[in-house]
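Understanding the architecture of this molecule
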Amino acid sequence: MFLIIFEKNCYTNCLLCCAFYLLLVLFNETFYSYKLLKSDGGLIMVRLSRRKFLLMMSGVAVTSVVYSFVEPYFFEINEVNIPLGLNLRVLHVTDFHVKDWGFRDEIFKVISDFSSNVDVTFITGDFYDKYTRTLELVKNYVSKIKGVKIGVLGNHEYWAADVHPLESGIKALEDSGVKILRNEKIKLKGVFIGGIDWYHDENGLGKLYLSEIGDVDILLSHTPDVIALKPKVKLILAGHTHGGQVCLPFIGPLWTPSKYGTKYASGLFKDENVYMYVNKGVGEIIPVRFNCKREIALLNL
């Protein structure tokens, strides 16, 4: 299942019109600059002038930049089957980074609709950041998610502690109906679910946290790097990377906040007998994406 949703508003339409116009200019310059002429040797191609070449490249660059501000208005819904035999259907979302700006009500409407038709919604951290105006805004969005909600904290809840004290943030999330797991596990429909707290990219601390959780079926972790710590689990659900946010065609993501580069940027992975799904997230610090749409994941386990 793959869907793309687009929220219509004047701002977005203006940006799309600008991008479309630039593409037309690019096509016009390309089409009318390359002319085929007869010669004794056959057909030859007239080279572009320096001016037209620079105009073409400028068109490509400007169009790409404009589109990178448009793409956050799009998101995709991916349905993935993972053969674990847990008889569980889950909604996985992550990295909300709730703010007054750069965020779209439409995506939470869709999340809310899907949440009423799954067994549980898992949220793998970065509900908010230091640029989030108030925790009431977070509560307003997260409360829209229906049913059982289980989550973990990410790095930004910790990094925003000087603006939003950590305990206040946790209380806001719990008031919104989210069970926050901090190095503990719970049982849901016969399935053991563990949640590892943000371990500041310190492997020693991460291993300590995992020992406190013990064996579980599903592990919620903000960072996908936890897979290198060899947790005793069947499935890891993670976020943190935003899919790289900027992914070049034929190249992929340029960078992710992972010790392993872009190896675990997004998607489904398997390491020996452990599966891991890394979600691209539904928000960002700066709402810029290129070839890397926001994501809602439906997982059949």
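Summarised in this report is the structure supplied together with it. Everything quoted here is computed from the prediction, not taken from an experiment. (Residues numbered from 1 in each chain as written. Predicted model: local features only at pLDDT ≥ 70, side-chain atom pairs only at ≥ 80, totals over all residues. Heavy atoms only, no water.)

1. Points about helix α4 (residues 135–142)
- Of the positions making up α4, those classed as buried are L135, L137, V138, Y141 and V142. Down the axis of α4, the sector holding all buried residues measures 150 degrees, keeping them to one side.
- Contacts from the buried residues of α4 go to α3 (105–115), β7 (149–152), α6 (166–175) and β8 (178–180). (Buried < 20%, exposed > 50% of the residue type's maximum accessible area, 1.4 Å probe, protein only. Helix = DSSP H or I, 4+ residues; strand = E, 2+ residues; numbered from the N terminus. Arc of directions from axis to C-beta. Contact = heavy atoms within 4.5 Å.)

2. Section: the nonpolar core
- Residues L91, F96, I111, F127, V138, L173 and I296 are the most contacted members of the largest nonpolar core, which totals 32 residues.
- Those elements that place two or more of their residues in this core are β4 (74–81), β5 (89–93), α3, α4, α6, β8 and β17 (294–300).
- Setting aside residues no more than four positions away along its own chain, L173 makes contact with F127, V138, V142, L153, V178 and I180.
- Judged by nonpolar contacts, the second largest core, of 23 residues, contains I82, L88, V191 and I193. (Core = buried A, V, L, I, M, F, W, Y, C linked by side-chain atoms within 4.5 Å.)

3. Thoughts on the pattern of salt bridges
- The final tally for this structure, using the stated rule, is 15 salt bridges.
- Residues K139 and D175 are paired through a salt bridge, measuring 3.9 Å at the closest nitrogen-oxygen approach. Placement of the pair is K139 in helix α4 and D175 in helix α6, with a sequence separation of 36 residues.
- Its relative accessible area of 43% is what places D175 among the partly exposed residues. (Salt bridge = Lys/Arg side-chain N within 4 Å of Asp/Glu carboxyl O.)

4. Re the environment of L173
- When you line up the elements, L173 lands in helix α6.
- Considered as a pair, L173 and G151 are 22 residues apart in the sequence and their alpha carbons are 9.2 Å apart.

5. As for the packing of aromatic side chains
- Under the criterion given, the structure shown has six aromatic pairs.
- Judged by centre distance (4.9 Å) and plane angle (70 degrees), the ring pair of F96 and F108 falls under edge-to-face. With F96 in the loop between β5 and α3 and F108 in helix α3, this pair connects stretches of sequence that are twelve residues apart. In terms of burial, F96 and F108 fall into one category: buried.
- When the ring of Y264 is compared with that of F269, the centres are 5.2 Å apart and the planes differ by 85 degrees; the resulting orientation is edge-to-face. Exposure class is identical for Y264 and F269. Each is buried.
- Members of the aromatic cluster, joined through ring pairs, are F96, F108, F127 and Y141. (Phe/Tyr/Trp six-rings, centres within 6.5 Å; stacked < 30°, edge-to-face > 60°.)

6. Thoughts on the side chain of S221
- Tracing the sequence through the fold places S221 in the loop between β11 (218–220) and β12 (235–238).
- A distance of 2.7 Å separates the side chain of S221 from the backbone oxygen of T223, its partner in a polar contact. (Polar contact = N/O pair within 3.5 Å; in protein donor to acceptor, adjacent residues only side chain to side chain.)

7. With respect to the pairing of β12
- Both faces of β12 are covered, namely the face carrying L235 and L237 and the face carrying I236 and A238.
- Where β11 and β12 come together, three bridges link them in parallel fashion. Bridged to L219 within β12 is I236.
- Here β12 runs beside strand β16 (residues 274–278); their pairing, made up of four bridges, is parallel. Looking at the pairing, I236 lines up with M276 of β16. (Pairing = 2+ DSSP bridges.)

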